[in-house]
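Observations on chain architecture
These are the residues of each chain, in order.
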Amino acid sequence: MNTAQLNRRLGGSRTAPDEVDPLLLWSALALLLLGLVMVYSASIATAEGSAYTGHQPTYYLIRHTVYLAVGLIGGLIAFQIPLRFWQQFAPWLFVGAVVLLMVVLIPGIGRSVNGAQRWIGLGPINLQPSELMKFAVVIYVADYVARKLEKMDSFRHGFLPMAAVMMLVGGLLLREPDFGAFVVVVTIAIGILFLGGINGRLFAGLIGLMAVGFAFLIWSSPYRLERITSYMDPWQHAFGKGYQLSHALIAFGRGEWFGVGLGASVEKLFYLPEAHTDFLLAVIAEELGFVGALTVILLFAVLTWRCFMIGRQALLLDRIYSGLVAQGFGIWFGFQSFINMGVNMGLLPTKGLTLPLMSFGGSSIVANCLALAVLLRVDYENRRMMRGLPS
């Protein structure tokens with residue numbers, strides 16, 4: 001297939017071959033910058049009223065800005081690394097992430113908050129290994145599928161080894177416990193296996209097995225079961241398990257079409273817990289209204305769409321690993337943002353998952369920026385290859 005034919009199949013080339021995808025770049029930057037503004041707005045009251053922050057209203061803004069700067073610098077470095085090097089070091093990167101998941105469970109090393117041991121204290125910062133695992137699993141599973149493409153129909157050689165690895169990772173995540181990260185990591189792995197051509201009967205059986213497994217995990221855990229029941233009618237449990245969701249829904253209701261104004265949210269004034277992390281979208285809806293929330297949803301839709309289109313372009317160029325990496329990141333951003341938005345709107349049970357690229361959190365922001373950089377690198381190499389230049 002020549003360049004002209006490829007361009008026609010991709011709907012035409014709208015940018016110069018050496019440029020990065022503008023829709024991907026600008027949608028990601030818009031989410032990062034809007035996230036910075038809204039994290040500051042959502043966290044002012046919490047920071048000012050907490051002795052932990054020294055009663056400094058800009059505490060979370062400063063930290064989020066530093067995390068964002070580190071993420072962007074890391075992303076600039078990651079963009080310089082060709083995809084062939086990511087593929088070569090994929091197993092080592094994944095092993096490193098697994099080791100961190102083990103280290104966080106060691107008493108005295110892992111830091112526990114609200115009964116969950118998910119962080120490793122490194123002086124003034126806290127490293128969350130589960131966020132790095134999301135990045136590592138995309139890099140590793142894409143490599144696994146690319147290497148075993150001819151064996152993906154085989155239960156023994158294609159499916160079973162990856163299932164064993166995911167059981168190990170899932171077991172470590174559930175020990176923290178971090179059910180949300182577990183769901184995201186497993187979904188990424190299964191999604192890439194599906195895109196890589198896993199046997200249809202194996203895939204259907206796997207989905208059925210996952211549904212039974214998730215149901216068992218929920219049924220066997222009282223606090224997860226309570227979240228399900230409170231999600232069905234949060235107003236009945238408004239002062240218990242339904243507290244967060246009921247106040248998130250109040251925030252959406254107060255925002256109406258255009259919001260109450262930036263900085264004017266009432267729910268962030270100690271009513272809505274985790275306003276600058278898990279429930280940031282609720283604050284956006286209250287302050288910027290339906291229009292603001294819809295803008296965020298559309299930006300994520302554009303971002304996810306471009307991930308899959310860049311991946312499709314790579315696959316058409318016979319760059320299997322690069323294509324699976326791009327689409328794997330699309331699964332990550334699309335699925336996690338969908339879950340977070342669904343929780344904020346009361347469409348899904350409450351789960352502790354941040355809004356990618358926007359919510360406060362150092363490890364998540366850095367991991368997201370690294371993913372964006374690798375995505376842009378895939379697009380850059382696609383364009384170079386279409387011109388016949390070395391990547």
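Residues numbered from 1 in each chain as written. Predicted model: local features only at pLDDT ≥ 70, side-chain atom pairs only at ≥ 80, totals over all residues. Heavy atoms only, no water.

To continue, consider the packing of aromatic side chains. Inspection of every chain in the model, using the stated rule, returns twelve aromatic pairs. Look at Y52 and Y59: their rings are 6.1 Å apart centre to centre, the planes differ by 70 degrees, and that puts the pair in the edge-to-face class. With relative accessibility at 15%, the residue Y59 sits in the buried group. With 5.1 Å between their ring centres and 85 degrees between their planes, Y60 and F360 make a pair best called edge-to-face. Of the two residues, Y60 is situated in helix α3 (residues 59-79) and F360 in the loop between α13 (320-345) and α14 (362-386); the sequence distance between them amounts to 300 residues. Like Y60, the residue F360 is buried in the burial classification. An aromatic cluster of at least three residues, connected via ring pairs, comprises Y52, Y59, Y60, Y67 and F360. Seen from the ring of W305, R306 lies directly overhead, with NZ or CZ sitting 4.6 Å from the centre. Here the guanidinium or amino end of R377 rests over the ring plane of F79, the centre of that ring lying 5.9 Å away. (Phe/Tyr/Trp six-rings, centres within 6.5 Å; stacked < 30°, edge-to-face > 60°. Buried < 20%, exposed > 50% of the residue type's maximum accessible area, 1.4 Å probe, protein only. Helix = DSSP H or I, 4+ residues; strand = E, 2+ residues; numbered from the N terminus. Lys NZ or Arg CZ within 6 Å of the ring centre and 35° of its normal.)

This part takes up α14. Between its first and last C-alpha atoms α14 spans 37 Å; for 25 residues at 1.5 Å apiece the expected length is 36 Å, and the two agree. A large share of α14 lies buried, amounting to 22 of its 25 residues. Backbone geometry just downstream of α14 places G388 in the positive-phi region, at approximately 80 degrees. (Expected span 1.5 Å × (residues − 1).)

Strand direction decides the pairing type here: strand β1 (residues 110-113) and strand β2 (residues 116-122), joined by four bridges, are antiparallel. Opposite G110, over in β2, you have I120 as the bridge partner. With antiparallel pairing between neighbouring strands as the criterion, β1 and β2 make up a hairpin whose turn holds two residues, including N114 at a positive phi of roughly 55 degrees. (Pairing = 2+ DSSP bridges.)

Turning next to the side chain of N368. With respect to the element layout, N368 can be found in helix α14. Not counting residues up to four positions away in its chain, the partners in contact with N368 are W332, F333, P356 and L357. (Contact = heavy atoms within 4.5 Å.)

A contiguous nonpolar patch, built from W257, F258, F290, V291, L294 and L298 and spanning about 650 Å² of accessible area, is present on the exposed surface. Counting through the fold element by element, L298 comes out in helix α12 (residues 280-316). Judged by relative accessible area, which is 49%, L298 ranks as partly exposed. (Patch = residues over 30% accessible without salt bridge, like charges linked within 9 Å, V, L, I, M, F, W, Y side chains within 5 Å. Areas by Shrake-Rupley, 256 points an atom, 1.4 Å probe, with all protein chains shown as cover. Salt bridge = Lys/Arg side-chain N within 4 Å of Asp/Glu carboxyl O.)

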